[in-house]
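# Report on the structure
Listed here are the chains, written in short residue letters.
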Amino acid sequence: MRPHERRSPLALFLGAALAAACGAPQAAPGEAAPVEASAPSAAACLAAANAKRRARADEPSRIGVKHILVRYAGADRAEAATRTREEACLRAMEARDKIRGGADLDVVVAEYSEEAGAASRGGSLGTVERADVLPPFADAAFDLDLHQLSDVVETRYGFHVIFRTE
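Summarised in this report is the structure supplied together with it. (Residues numbered from 1 in each chain as written. Predicted model: local features only at pLDDT ≥ 70, side-chain atom pairs only at ≥ 80, totals over all residues. Heavy atoms only, no water.)

Here the focus is the sheet that holds strand 3 (residues 149-155). Strand pairs in the sheet, formed through backbone hydrogen bonds, run parallel or antiparallel to each other. Strand order across the open sheet formed by four strands is 2-1-4-3, with antiparallel pairing between neighbours. Each edge of the sheet is formed by a strand with only one pairing partner; in this case those strands are strand 2 (124-129) and strand 3. Between one strand axis and the next, the sheet turns through 40° on average, direction left out of account. In this sheet, strand 4 (residues 158-164) lies alongside strand 1 (residues 62-70) in antiparallel orientation, the contact comprising six bridges. Considered in strand 4, the bridge of Val65 is made with Arg164. (Pairing = 2+ DSSP bridges. Helix = DSSP H or I, 4+ residues; strand = E, 2+ residues; numbered from the N terminus. Axes fitted to C-alpha atoms, helices over the stretch in contact; angles between N-to-C directions.)

Time to look at helix 3 (residues 85-100). Taking 1.5 Å of rise per residue, the 16 residues of helix 3 would be expected to cover 22 Å, and the 23 Å separating its terminal C-alpha atoms lies within 8% of that figure. When helix 3 is considered as a whole, its buried residues turn out to be Ala88, Cys89, Leu90, Ala92, Met93, Ala95, Arg96 and Ile99. Immediately beyond the C-terminal end of helix 3, within one or two residues, lies Gly102, with a positive phi of roughly 110°. (Expected span 1.5 Å × (residues − 1). Buried < 20%, exposed > 50% of the residue type's maximum accessible area, 1.4 Å probe, protein only.)

Inspection of the entire model under this criterion finds one disulfide. Between Cys45 and Cys89 runs a disulfide, and the two sulfur atoms are separated by 2.0 Å. For the disulfide bridge between Cys45 and Cys89, the dihedral angle about the S-S bond is near -100°, and by the sign convention the bridge is left-handed. One end of the pair, Cys45, is in helix 2 (residues 42-49); the other, Cys89, is in helix 3, with 44 residues separating them in the sequence. For the pair Cys45 and Cys89, a shared accessibility class is recorded, and that class is buried. (Disulfide = S-S within 2.5 Å.)

This is how it looks when you write it as structure tokens:
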């Protein structure tokens, strides 16, 4: 934040609450809060998850994909979900970052995905056509190169991290 910018008490409280929830270091009363560049914000996660993507001119008609689905309260088919939309987005981002950091995709699927049967099939959806999946999922999946991992993507079912297998 620049010296001339001021944050409202609500913004300061929400920032501190999010930082505490993410395990960020806290400042003592009256001290400046430590800045943790690597801690993602819910707003940044939601913006990335809903970024507009365009269809590639050279995209194949079918691709193989695996995915992780993190649900939130209010999402379709998420009756048992209790986390907020923001919490779900950050959890999906955490799963993505584990994979980017070298974790085994199947292990992360088993730990994070909330789709029925996902762990037993490693998150695989098999081969899909664009029309088989929702538009935001299709736009992200068909934009991937072979063996590439997507950013977080939101559909009406929750947040996905997609891996193109073929």
